[in-house]
Amino acid sequence: MVPPVAVSPVIKTARWSALLIGVFYGKQRFDYLKPIAEEERRTEEAEKKLREEQERIYKQLSEDNSDTILQ
Amino acid sequence: MAQAVQKLVAKVPTLIGAAVTYSKPRLSTFWYYARVELVPPTPAEIPKAIEGAKNLIKSFQSGRLAQTTVKDAVRNGLVATEVLMWFYIGECIGKGGIVGYDV
């Protein structure tokens, strides 16, 4: 087996500091996106209820209008 | 259907045993290399790293960049890509998932 290579300290510090910075960045972005997503979910729920209500009314109206004498 | 599930469940210990036997030597080679190459820098190496980075910046400024061979440039590019990938792995750890943010 090839003996393990001695990695230069620049590369080693760069790798592990990149790992740490990545962890912090991921955590920060997650905390930033979480309330935005909850807000979106809430608005989507409210709009969905409104839309379903309107669809119900539309259906109701079209049913009422569909019994005509013209078959 | 039940019989097939029973046969599978009976085979699981042998499967686990086979997986362990397969992975042991590979894990040991991985550990053999990782113990030297992938360890974090000791506190004594950090000033050397900072000095190395300063040397790098100086060589950028002095225009020695134009003298790197293509082979060296490709190698340095690969190393830089690997360091970038460590950043993305850190981001995956920080956001608690592999694909996308689980908000």
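In this text the structure is predicted, and so the values were computed from the model without any measurement.

Here we look at the packing of helix H1 (residues 9-66) of chain A against helix H2 (residues 45-61) of chain B
One can describe the packing of H1(A) onto H2(B) by two numbers: an axis separation of 8 Å at closest approach and a directional angle of 100 degrees. Taken together, H1(A) and H2(B) sit at an angle that is classed as roughly perpendicular. Taken together, the residues of H2(B) that come into contact with H1(A) (itself represented by A:Pro9, A:Val10, A:Lys12 and A:Thr13) are B:Glu45, B:Ile46, B:Lys48, B:Ala49, B:Gly52 and B:Ala53. Looking at side-chain class alone, the contact of H1(A) with H2(B) contains five nonpolar, two polar and three charged residues.

Some words on the domain arrangement of chain B
Parsing chain B into structural domains produces domain 1 (1-40) and domain 2 (65-94). Look at where the C-alpha atoms of domain 1 of chain B and domain 2 of chain B centre, and you get two points 31 Å apart.

Details of the pattern of salt bridges
Residue and element names in this part refer to chain A. Using the criterion set out here, one finds seven salt bridges over all chains in the structure. A salt bridge links Arg-51 to Glu-44, with the nearest nitrogen and oxygen atoms 3.3 Å apart. The salt bridge partner of Arg-56 is Glu-53, with a shortest N-O separation of 2.8 Å. Separated by three residues within a single helix, Arg-56 and Glu-53 lie in helix H1, roughly one turn from each other. Owing to a relative accessible area of 48%, Arg-56 belongs among the partly exposed residues under this scheme. When its relative accessible area of 39% is taken as the criterion, Glu-53 is described as partly exposed.

With respect to a nonpolar patch on the surface
Among the surface-exposed residues, B:Met1, B:Val5 and B:Val9 lie close enough to one another that they form a single nonpolar patch of about 350 Å² accessible area. On the secondary structure map, B:Val9 appears in helix H1 (residues 2-37).

Criteria and thresholds
Residues numbered from 1 in each chain as written. Chains lettered and ligands numbered in written order. Predicted model: local features only at pLDDT ≥ 70, side-chain atom pairs only at ≥ 80, totals over all residues. Heavy atoms only, no water. Axes fitted to C-alpha atoms, helices over the stretch in contact; angles between N-to-C directions. Helix = DSSP H or I, 4+ residues; strand = E, 2+ residues; numbered from the N terminus. Parallel < 35°, antiparallel > 145°, perpendicular 65-115°, else oblique. Contact = heavy atoms within 4.5 Å. Nonpolar A, V, L, I, M, F, W, Y, C, P; charged D, E, K, R; others polar. Domains from an automatic or database assignment. Salt bridge = Lys/Arg side-chain N within 4 Å of Asp/Glu carboxyl O. Buried < 20%, exposed > 50% of the residue type's maximum accessible area, 1.4 Å probe, protein only. Patch = residues over 30% accessible without salt bridge, like charges linked within 9 Å, V, L, I, M, F, W, Y side chains within 5 Å. Areas by Shrake-Rupley, 256 points an atom, 1.4 Å probe, with all protein chains shown as cover.

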